[in-house]
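Next come the chains, spelled out residue by residue.
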Amino acid sequence: MSSPHFLQRHQKLAQVLKQQELDALALNPGPSLPYLTGMHFHMSERPVVVIFSADQDPIIVLPQLEALKIQNLPYKIQAFPYDENPSNWVKAFRGAIEAGGFEKGRVGVEPRAFRVLELDFLKEAAPEAQFVSGEAAVAELRMRKDASEVSNMREAAQIAQSALQATLPMIKPGVTEKEIATELIMQLLRHGSHSKVPFSPIVSGGPNSANPHAAPSDRKLENGDLLVIDWGANVKGYFSDITRTFAIGEVDPELKLIAEIVMKANATGHATAKPGIPAGQVDDATRAVIDEAGYGEFFTHRTGHGLGLEGHEEPYIRSDNQILLEVGMSFTIEPGIYLPGRGGVRIEDDVVVTADGLESFTDLPRELIQLEA
Ligand code: CO
Ligand code: CO
């Protein structure tokens with residue numbers, strides 16, 4: 001692959017490990033592994049672990065049959081391959097632990113990604129080592145996107161937007177949520193998304209739109225429905241995550257009103273985010289708009305989440321998050337109002353912090369667009 005600067009990333013990781021007093025970071029297949037190594041492995045019944053430390057080459061434990069992947073890497077790696085007999089696998093892990101000198105180390109793992117399968121082998125190979133959350137280390141490493149990452153995210157947003165535009169003509173009363181979701185997924189792939197889309201699109205009409213995480217159902221759209229669509233594309237592992245809300249024919253005036261309030265809250269989020277302010281301040285700003293309009297109790301989630309190689313990562317846009325925004329941090333701004341039994345509105349954009357504020361990757365119209373019967 002064209003080399004995202006792995007050696008630079010390894011150097012940065014070395015600094016982060018020292019700051020966080022970790023002797024090593026152990027990764028299994030998941031988004032951080034290709035970020036640091038350029039290698040892709042499927043999670044399978046065969047364990048794969050790469051161990052990084054501050055002052056030596058990365059160490060990998062992997063099945064012999066995958067050994068081709070470590071040839072011609074643009075950096076050095078110490079390999080401990082194992083054969084097809086599981087009773088031999090722990091030997092490979094012991095070799096890795098001894099080579100790294102991690103027998104009594106403090107080793108970070110990703111709490112949301114690291115499996116018991118790999119952890120058990122590591123613990124058996126290093127019973128005196130301490131395995132702790134490496135989440136903060138990984139966030140510190142991945143939170144600020146470089147130019148090539150930003151360009152992948154920009155493209156993922158554009159692909160998703162084009163896919164939605166190609167889907168809109170089929171949306172009318174009588175069409176089911178599942179039919180729309182199916183078409184949207186096809187259009188995402190057709191417009192260039194990796195086939196592994198970041199998440200199954202949410203397509204929720206009428207009362208279902210009041211559930212922020214509804215799964216598409218067989219319900220047919222009706223005139224007077226709000227329709228929430230939340231979808232994204234994947235470009236080289238980088239995600240987009242967008243939401244727009246539509247009106248099917250003429251909707252109730254209060255539903256139009258909440259759409260206007262959410263649009264204003266979304267705009268306030270864009271206007272607030274800039275380098276140097278706490279992430280939580282963006283949440284406070286969008287929430288204030290909805291609170292002042294009297295709908296605070298119906299805005300039931302945080303304003304957004306970091307976005308990149310994962311659909312949810314730091315910086316979380318949540319009132320108590322004191323992380324200071326910096327150039328390169330990317331996240332969503334997605335305020336919503338959900339009126340139970342009636343309908344909901346969410347407007348979600350993907351942005352990156354720039355020196356003078358924000359760049360929005362997403363620019364589809366945010367107002368409530370009425371799709372005609
Ligand atoms: Co979303
Ligand atoms: Co989101």
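If you're wondering where the values come from, they're calculated on a predicted model, not measured in any experiment. (Residues numbered from 1 in each chain as written. Chains lettered and ligands numbered in written order. Predicted model: local features only at pLDDT ≥ 70, side-chain atom pairs only at ≥ 80, totals over all residues. Heavy atoms only, no water.)

**Some details on the domain arrangement of the protein chain**
Annotation of the protein chain at the domain level lists domain 1 (3-142) and domain 2 (147-371). Averaged C-alpha coordinates put domain 1 and domain 2 at centres separated by 35 Å. Facing six residues of domain 1, the contacting portion of domain 2 comprises eight residues. Buried area between domain 1 and domain 2, summed over both chains or domains, comes out near 620 Å², and the portion from carbon and sulfur atoms is 42%. Of all residues in domain 1, the largest losses of buried area upon contact with domain 2 belong to Pro31, Arg112 and Arg142, amounting jointly to 63% of the total for that side. Counting across the domain 1 and domain 2 interface gives three salt bridges. (Domains from an automatic or database assignment. Contact = heavy atoms within 4.5 Å. Buried area = accessible area lost by both parts, 1.4 Å probe. Salt bridge = Lys/Arg side-chain N within 4 Å of Asp/Glu carboxyl O.)

**Looking at the sheet that holds strand S2 (residues 49-52)**
Whenever strands of a sheet pair, they do so through backbone hydrogen bonds, lying parallel or antiparallel. Here six strands make up an open sheet; going across it, the order is S4-S3-S2-S1-S5-S6 and the pairing mixed. For this open sheet the edge positions go to strand S4 (78-82) and strand S6 (130-133), each flanked by a neighbour on one side alone. Strand-to-strand, the axes of this sheet are offset by a mean angle of 25°, without reference to chain direction. The pairing of S2 with strand S3 (residues 59-63) spans three bridges and is antiparallel. Bridging across to S3, valine 50 finds its partner in isoleucine 60. Each of S2, S3 and S4 touches helix H3 (residues 89-100); the most contacted strand, S4, lies at about 165° to it. (Pairing = 2+ DSSP bridges. Helix = DSSP H or I, 4+ residues; strand = E, 2+ residues; numbered from the N terminus. Axes fitted to C-alpha atoms, helices over the stretch in contact; angles between N-to-C directions.)

**Quick look at the coordination of the cobalt ion (ligand 1)**
Octahedral metal centres with six donors ideally show angles of 90 or 180 degrees, and tetrahedral centres with four donors ideally show 109.5 degrees. Ligation of the cobalt ion (ligand 1) by protein atoms is provided by Asp230 (OD), Asp230 (OD), Asp241 (OD) and Glu348 (OE), these donors lying 2.0 to 2.4 Å from the ion. For the cobalt ion (ligand 1), the four donor atoms in the first shell make angles of 57 to 144° at the metal, so the coordination geometry reads as irregular. Mapped onto the sequence, the donors of the cobalt ion (ligand 1) take the spacing D-x10-D-x106-E. Separating the cobalt ion (ligand 1) from the cobalt ion (ligand 2) is a gap of 3.0 Å, bridged by aspartate 241, which donates to each. Taken as a pair, aspartate 230 in strand S8 (residues 226-231) and aspartate 241 in the loop between strand S10 (238-239) and strand S11 (242-248) lie far apart in primary sequence, 11 residues in all. Across this residue pair, the class does not change: aspartate 230 and aspartate 241 are buried. (Donors = N, O, S within 2.8 Å, 3.2 Å for Na, K, Ca; no water. Tetrahedral: all angles 85-135°; square planar, octahedral: opposite > 155°, others 65-115°. Buried < 20%, exposed > 50% of the residue type's maximum accessible area, 1.4 Å probe, protein only.)

**Things to note about the pattern of salt bridges**
In the structure shown here, the tally under the stated rule is 26 salt bridges. Here glutamate 84 ties to arginine 46 by a salt bridge, and the two come within 2.8 Å at their closest N and O atoms. Of this pair, glutamate 84 sits in the loop between S4 and H3 while arginine 46 is found in the loop between helix H2 (32-37) and S2, placing the two residues 38 residues apart along the sequence. Close ionic contact of arginine 142 with glutamate 310 constitutes a salt bridge, the shortest N to O distance being 2.7 Å. Separated by 168 residues along the polypeptide, arginine 142 in helix H5 (residues 135-142) and glutamate 310 in the loop between strand S12 (304-306) and strand S13 (313-317) bring together distant segments of the chain. An identical accessibility class is assigned to arginine 142 and glutamate 310; each is buried. A cluster of three or more residues bridged by salt bridges with shared partners is formed by Arg112, Glu135, Arg142, Lys145, Glu310 and Glu313.

**Focus: the nonpolar core**
If you look at the biggest cluster of nonpolar residues, it comprises 34 residues, and the most contacted ones within it are Leu13, Leu36, Met39, Phe41, Ile60, Ile70 and Ile77. Ranked by residues supplied to this core, first place goes to helix H1 (residues 6-19) with four residues. The residues that make up this core include at least three from each of domain 1 (3-142) and domain 2 (147-371). In contact with phenylalanine 41, not counting residues within four places along its chain, are Pro29, Leu33, Val48, Ile60, Leu62, Glu66 and Lys69. Counting residues in each nonpolar core, the second largest holds 24 residues, with Ala163, Leu184, Leu188 and Trp231 among its members. (Core = buried A, V, L, I, M, F, W, Y, C linked by side-chain atoms within 4.5 Å.)

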